[in-house]
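# Close look at the chain arrangement
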Amino acid sequence: FRSNSRASGLCCGSSRPTLPVDSDDREMSVTLQQYLDTCNEASTKLDTFDSVTVVVGNEACDLDSIVSSVLYGYYVRLKHGDSNSAVIPILRCSKENFKLRGDAVMMFEQLKLDIMKLTFIDDVDLKSLSSAGTLSVVLVDTNIVSSELDYLVPHVKQIVDHHKDEGVTFHPDCERLIEPVGSCATLVAGLLSKVGGVADEVIAELLLATILVDTFNLSTTAKGATDKDCEVALELSNLTTVGNDELYRSVLAARCDNSSFSVKELLEKDYKVAEKAGVTLGFCSMLGQLDEIAKDTDFVSAATQFSSDKQLDLLLLLGVDIEEAELRGRSIGVFLPPGKVNENLKTSVIDFLKSSKDIHAESEMTYDGLVVLKQRNTNASRKIILPTVMDFI
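Residues numbered from 1 in each chain as written. Predicted model: local features only at pLDDT ≥ 70, side-chain atom pairs only at ≥ 80, totals over all residues. Heavy atoms only, no water.

### A closer look at the overall build of the protein chain
Where we set the bar: Numbered from the N terminus, helices here are DSSP runs of H or I no shorter than four residues, and strands are runs of E no shorter than two. For every residue, the accessible area obtained with a 1.4 Å probe (protein chains only) is divided by the maximum for its type, and the residue is called buried under 20%, exposed over 50%, and partly exposed between those limits. What makes two residues a contact is simply this: any of their non-hydrogen atoms within 4.5 Å.
What the protein chain contains, in helices and strands, is 14 helices and 11 strands. By principal-axis analysis of the C-alpha atoms, the protein chain measures approximately 60 × 50 × 40 Å. Put simply, the protein chain has 393 residues, and 57% of those count as buried. Taking the contacts inside the protein chain whose residues are at least 6 apart along the sequence as the reference set, 70% of them involve residues at least 24 apart.

### Remarks on helix H9 (residues 244-256)
Defined as follows: To estimate the expected span of a helix, count its residues, drop one, and scale the result by 1.5 Å. Within this analysis, the arc is defined by the directions that extend from the helix axis to the C-beta atoms.
For H9, built from 13 residues, the straight-helix expectation of 18 Å at 1.5 Å per residue is met to within 8% by its first-to-last C-alpha distance of 18 Å. Residues Leu247, Tyr248, Val251, Leu252, Ala254 and Arg255 constitute the buried set of H9. Down the axis of H9, the buried side of the element spans an arc of 160°, and every buried residue falls inside it. Tucked inside the fold, the buried residues of H9 contact helix H3 (63-80), helix H4 (102-110), helix H7 (201-214), helix H10 (263-269), strand S7 (279-287) and strand S8 (314-323).

### Some details on the sheet that holds strand S3 (residues 135-140)
Short version of the rule: Strand pairing is assigned whenever DSSP identifies at least 2 bridges connecting the two strands. Here the axes come from fitting lines to C-alpha atoms, over the contacting stretch only for helices, and the angles between their N-to-C directions go from 0 to 180 degrees.
Within the open sheet, the five strands sit side by side as S2-S1-S3-S4-S5. Their pairing is parallel. On the outer flanks of this sheet lie strand S2 (85-90) and strand S5 (175-178), each paired with one strand and no other. On average, adjacent strands in this sheet sit at an angle of 15° to one another, irrespective of strand direction. Relative to strand S4 (residues 156-161), S3 runs parallel, the two being bridged by four bridges. Looking at the pairing, Val138 lines up with Gln158 of S4.

### Digging into the sheet that holds strand S11 (residues 370-375)
Pairing is mixed in the open sheet, where six strands are placed in the order S6-S7-S8-S9-S11-S10. In this open sheet, the two edge strands, each paired with only one partner strand, are strand S6 (271-276) and strand S10 (361-367). Between one strand axis and the next, the sheet turns by 25° as a mean value, whatever way the strands run. Here five bridges tie S10 to S11, and the two strands are oriented antiparallel to one another. Of the residues in S11, the one forming a bridge with Ala361 is Gln375. Running over the sheet, helix H13 (residues 343-355) touches S7, S8, strand S9 (326-335), S10 and S11 and is turned about 10° from S11. Running over the sheet, helix H14 (residues 382-392) touches S6, S7, S8, S9 and S11 and is turned about 20° from S6.

### Digging into the confidence of the model for the protein chain
Fine structural detail should not be taken from predicted coordinates in areas where pLDDT scores are low. Cut-off, in case you're wondering: Per-residue confidence from the prediction method is given by pLDDT, with values spanning 0 to 100.
This prediction gives the protein chain a mean pLDDT of 89; 92% of its residues lie at or above 70. Scored below 50 in pLDDT, residues 1-27 makes 66 contacts in the model with residues more than four places away or belonging to other chains.

### A short note on helix H12 (residues 299-309)
Where H12 is concerned, the buried positions are Phe299, Ala302, Ala303, Phe306 and Ser307. For H12, the angular spread of buried residues about the axis comes to 130°, placing them on one side. Taken from the residues just after H12, Gln311 is the one with a positive phi, measuring 55°.

### Details of the pairing of S4
A large share of S4 lies buried, amounting to five of its six residues. Where S4 and S5 come together, four bridges link them in parallel fashion. When the sheet's bridge partners are listed, Asp161 is paired in S5 with Ile178.

### Overview of unusual backbone geometry
Phi angles above zero are rare outside glycine, and Lys112 is one such case at about 60°. One can find Lys112 in the loop between H4 and helix H5 (126-132). In this structure, His360 is a non-glycine residue whose phi angle is positive, near 55°. Within the secondary structure, His360 sits in the loop between H13 and S10. Residue His360 is classed as partly exposed on the basis of its relative accessible area of 33%.

### What about the environment of Leu315?
Positionally, Leu315 belongs in strand S8. Look at Leu315 and you get buried, because its relative accessible area is 0%. Sequence spacing of Leu315 and Pro337 is 22 residues, and the spatial spacing of their C-alpha atoms is 8.1 Å. Excluding residues within four positions of it along the chain, Leu315 makes contact with Leu267, Gly282, Cys284, Ala303, Phe306, Ser307, Gly333, Val334 and Phe335.

### Considerations on the side chain of Asp161
Rules: None of His or the chain ends enter the tally, which takes Lys and Arg as positive and Asp and Glu as negative. A carboxyl oxygen of Asp or Glu within 4 Å of a side-chain nitrogen of Lys or Arg is what we treat as a salt bridge. As used in this structure description, the phrase polar contact means that two N or O atoms lie within 3.5 Å; if the pair is within protein, one of them must be able to donate a hydrogen and the other to accept it, and residues adjacent in sequence are counted only when both atoms belong to side chains.
Along the polypeptide, Asp161 turns up in strand S4. Here Asp161 is buried and forms no salt bridge, its nearest opposite-charge partner Lys272 lying at an N-O distance of 7.0 Å. Among the polar contacts listed, one links the side chain of Asp161 to the side chain of Asn143, at a separation of 2.7 Å. There is a polar contact of 2.8 Å between the side chain of Asp161 and the side chain of His163.

Structure (structure tokens):
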């Protein structure tokens, strides 16, 4: 981004992206909707291309993962132009479950981007592509590959992420852009700016909305907005007509509206899995107070079935309590499905959560097998809790 006095006055010390990018400004040769149209058509005939690059986000498939995947694919298209190669963003949820991402649905509809032209994980046979010798993979908003997609590991050529670097070994030439910013969209915006990709208001607003909701409106305490997030957000806001507060509140309201979802859908909405030493833990981020969610008459049966379907040894629920568009608190629920013999695992994880200085959990309450702990450290989001817990396992 070209810095200006407003950006410099707000933030300082941001670093440049480390992936190789073109520095020349250029006119956009294709709009974002045209790119999505092309991807939708290409996804039905991938065997006809000389090479296929898939941009894969994380399994939670939240707004940051969705937008970063789509716009990184668009960045590659703008940078390299049209050729006999396909660059397809793959969303890590089913088309049916996309409705659970209310913030993403709202933004795509508001910006008149056709959701039906998105490519979902079950639309493409990635396993066959991995055997064809034409596949390259870009990981976005994650730097690991979950076990069900482990056949993609040899094909990972690039990573763009803002989570802790887990140090997984991929292709020898794999390029890694991993920076601890508040939103992966911040890093993608930096790349797009080098090819003139943020000049379009649709793209600028999509990126800005993602950064704002990922950082609680650029809060430097609630979720760790960095100087780079602030600087990029300011540049993007100069390209849009909607105010930051208005945009943040509308997107957050859409994300928080769970009124039409069942407990099972709430568990599916923002889910990640982690495995270590033969132990599989599920991490579900849920908006609201966990003690209220646990009072739902369907909770135990839904959480039990969910844990069984995902083959989990333990399920952790990460509650985020938001009032008046402000973060009011966080809580952690530890659920051991009935019939599981991992009581020692449950007890040890609870003890660790209480003793961890990074999490600082307390005030234990139990609801039909779910132990709810209040977090004193409200800065500890799943980005911190998941790797911290897995380091303990």
